[in-house]
Amino acid sequence: MGRTLAEKVWDDHVVRRAEGEPDLLFIDLHLLHEVTSPQAFDGLRMNGRQVRRTDLTIATEDHNTPTLDIDKPIADPVSRTQLETLRKNCAEFGVRLHPLGDVDQGVVHVVGPQLGLTQPGTTVVCGDSHTSTHGAFGALAFGIGTSQVEHVLATQTLPMAPFRTMAVTVDGELPEGVTAKDLILAVIAQIGTGGGQGYVIEYRGSAIEKLSMESRMTICNMSIEAGARAGMIAPDQITFDYLEGRDHAPTGADWDEALAYWKTLRTDEDAVFDHEVRIDADALTPFVTWGTNPGQGAPLSASVPDPASFADPGDRLSAEKALEYMGLTAGQPLREVAVDTVFVGSCTNGRIEDLRAAASVVQGRKIADGVRMLVVPGSVRVALQAVDEGLDKVFTAAGAEWRHAGCSMCLGMNPDQLAPGERSASTSNRNFEGRQGKGGRTHLVSPQVAAATAVLGRLASPADLSDAPVLTEV
Amino acid sequence: MEAFTTHTGRAVPLRRGNVDTDQIIPAHWLKKVTRNGFEDGLFEAWRKDESFVLNAPERKGATVLVAGPDFGTGSSREHAVWALQNYGFKTVLSSRFADIFRGNSLKNGLLTVVLPQEVIEQLWKLTEADPTAEVTVDLVAREVRAEGVTAPFELDDNARWRLLEGLDDISLTLGNEADIAAFESRRPSHKPSTVRA
Ligand code: SF4
């Protein structure tokens, strides 16, 4: 019987297979950041161990880093200690680090692909659940815990429990104004936050094949929000074109050899998935979340659902709790929900294409009075490219804040946070209670919806903007 | 890692589903660089509410957490496991755990037990009615016992063996050094390296 893409990549990395034991897999690329690594390095020190393969390991700083005044000492002493700990650990163990201020610094899942380190058919791990992002290249990429970080540092391998395979097939074409973010939010709403549990999801079908690498990364990024072990997309010409010429992409004979291998990385015709889901791209519209987990979403044109409409008692209870936390009432049209803050950024939607999309919406417009809009590039290189294209000016002319690269308001670990009760439209990936700051309320949206929302001050898509005031000069 | 064989203790019934790791330990606690001292961060936001079950005086010293489905979703932070352990929990029972959380828990000796939702309901009713009721989680027999409840649970033999023995994964893997070296020697040269050319 044929094998799926995920099974092929897995098989190619088995170091040891023994009856009754999990397979021991070799790890091609280990990404580190400051939050989940200190206790792992400590473990190495306590046991007198080294980093086995510093040449397959790379670190950056993202979660704690401020996005303003980055040349000044970091104000929060605890954040500062964590960053200093990473610097000390990387120096001591010989790990390449891109610290704050470095041209290759940024959100870890933006940095790996842009350096060309994330390649088809590789195994990628990071002590971060959104490692699933890298699956967009046909890599098998897992988020791991700190004990596993230590394990990979010491052995460059991981014992891994077997997985099941799921195909999410998206055929058709995304309508104008509907993005990869809307698609993945709709997928999660359909299968639920636990629906992907134990599975590696492969996204396939004609709609996926048309997507850019940036959009594919958005989709794979949020696989974890459906509870999946990983998300993957088979590599194709779009993948190869993205990689060619990048810093760490293979060259010369290695490129040819790599390309020949990458082309074999497709699910065989006769392979069977353990579970299949089909989505019709043509039927999709802009999608937003109304609740406190990424599965609690609905089309922007819909209204806040009535908890009583959920058949499952658990879903009903969690919808009730969510509406209470979010300060929403059943039946309220989502388009009438007013926001205080708009956040464009994160490893979900902080790449150049996302910034271009948001800029095209605010271009020549002003964001609504009383709304704060933060635009935070996913990496320094994304920021430089955006400045090159004049996008920073478009944002600031509209009244938005142009910030330095980092995780920023995706999570409440650095100075960019919502105040209690504040409401945001955010291009990030999690709308959990307090995720963007204690008491903050988050609606997950695409970059286009975020930008239109900033202009109108309420949840909106670019299509709603026809009446919005357009300034003649930028 | 501390070994886990069998544990008996009082329980905290947590009637919530989809408890994500941001609720178990909020992000601002993740700045610590140690594995301990997370007990005050456990369910921090919910504990501000006096009626939250963990705040009830009769739950003090409880060591068994009985939670709703999809416990530990979201972030990969192992701090969630440490926070539960630092607080004093030895085991968590739920009908479904998020994968990364489950892996993290078993690596730290926090036994996560998957039980049918009906059994969870039974345990909720029992321990809500009687806070002194004890729950036993027996890894040797792979069974959860409480008054009126005897429920078998599954855990694969390998994970069980490592927990029972309190074995450190890294030492086990390093025992297979020859396999790792052999794999490395046949790894193609086109594979990525983080070393600058
Ligand atoms: S941007 Fe958000 S989701 Fe991505 S790594 Fe940073 S904190 Fe995690």
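Residues numbered from 1 in each chain as written. Chains lettered and ligands numbered in written order. Predicted model: local features only at pLDDT ≥ 70, side-chain atom pairs only at ≥ 80, totals over all residues. Heavy atoms only, no water.

J.: Mind showing me how you'd approach the interface of chain B and chain A here?
T.: Interface size, as often reported, equals the accessible area lost upon joining of the parts. Listed as interface residues are 59 residues of chain B and, on the opposing side, 78 residues of chain A. Summed over both partners, the interface of chain B with chain A comes to about 5,400 Å²; 50% of that surface belongs to carbon and sulfur atoms. Interface area lost by chain B to chain A is led by K31, H190 and T194 of chain B, which between them contribute 15%. Joining chain B to chain A, the criterion identifies ten salt bridges. A salt bridge links K191 of chain B to D28 of chain A, with the shortest nitrogen-to-oxygen separation between them at 3.5 Å. Seen at the junction of chain B and chain A, the total is 36 residue pairs in polar contact (both at pLDDT 80 or more). Put simply, the parts of the chain that give the side of chain B that touches chain A at least two residues each are α1 (21-24), α2 (44-47), α3 (79-87), α4 (99-107), α7 (169-174) and α8 (177-185) of chain B. The element contributing the most residues to the side of chain B that touches chain A is α8 of chain B, with six residues. When grouped by side-chain class, the residues that make up the side of chain B that touches chain A number 17 nonpolar, 18 polar and 24 charged. (Contact = heavy atoms within 4.5 Å. Buried area = accessible area lost by both parts, 1.4 Å probe. Salt bridge = Lys/Arg side-chain N within 4 Å of Asp/Glu carboxyl O. Polar contact = N/O pair within 3.5 Å; in protein donor to acceptor, adjacent residues only side chain to side chain. Helix = DSSP H or I, 4+ residues; strand = E, 2+ residues; numbered from the N terminus. Nonpolar A, V, L, I, M, F, W, Y, C, P; charged D, E, K, R; others polar.)

J.: What exactly am I supposed to notice about the site of the ligand here?
T.: Taken together, H63, V107, H109, D128, H130, S346, C347, C407, C410, L411, N429 and R435 of chain A are the residues near the ligand. When grouped by side-chain class, the residues that make up the shell around the ligand number five nonpolar, five polar and two charged. (Near = heavy atom within 4 Å.)

J.: I keep staring at the pairing of strand β1 (residues 6-14) of chain B and nothing clicks. Help me out?
T.: When a strand is regular, its side chains alternate between the sheet's two faces. All names here are of chain B. Pairing of β1 with strand β5 (residues 134-138) involves five bridges; the strand directions are antiparallel. Residue R10 lies in a different strand from β5, and its bridge partner there is E134. Bridge count for β1 against strand β2 (residues 64-67) is four bridges, and the pairing is parallel. In the sheet register, L14 faces β2, and the bridge partner there is A67. (Pairing = 2+ DSSP bridges.)

J.: Would you mind showing me how to read the pattern of salt bridges here?
T.: When the charged atoms of two side chains with opposite charge come close together, those side chains can pair. Across all of its chains, the model carries 40 salt bridges over all chains by this definition. Here R403 of chain A ties to E401 of chain A by a salt bridge, and the two come within 2.6 Å at their closest N and O atoms. Each member of the salt-bridge network shares a partner with another, and the members are R52, R53 and D55 of chain A together with E177 and E184 of chain B.

J.: Whenever I open this one, helix α15 (residues 391-398) of chain A confuses me. Can you help?
T.: Residues that lie three or four places apart on an α-helix share one face, since the helix turns once every 3.6 residues. Residues and elements named next belong to chain A. If you check which residues of α15 are buried, you get L391, D392, V394, F395 and A398. What you see down the axis of α15 is that its buried residues fit within an arc of 160°, all on one side. Taken together, the buried residues of α15 touch α13 (352-362), β16 (372-375), α14 (380-388) and β17 (401-402). (Buried < 20%, exposed > 50% of the residue type's maximum accessible area, 1.4 Å probe, protein only. Arc of directions from axis to C-beta.)

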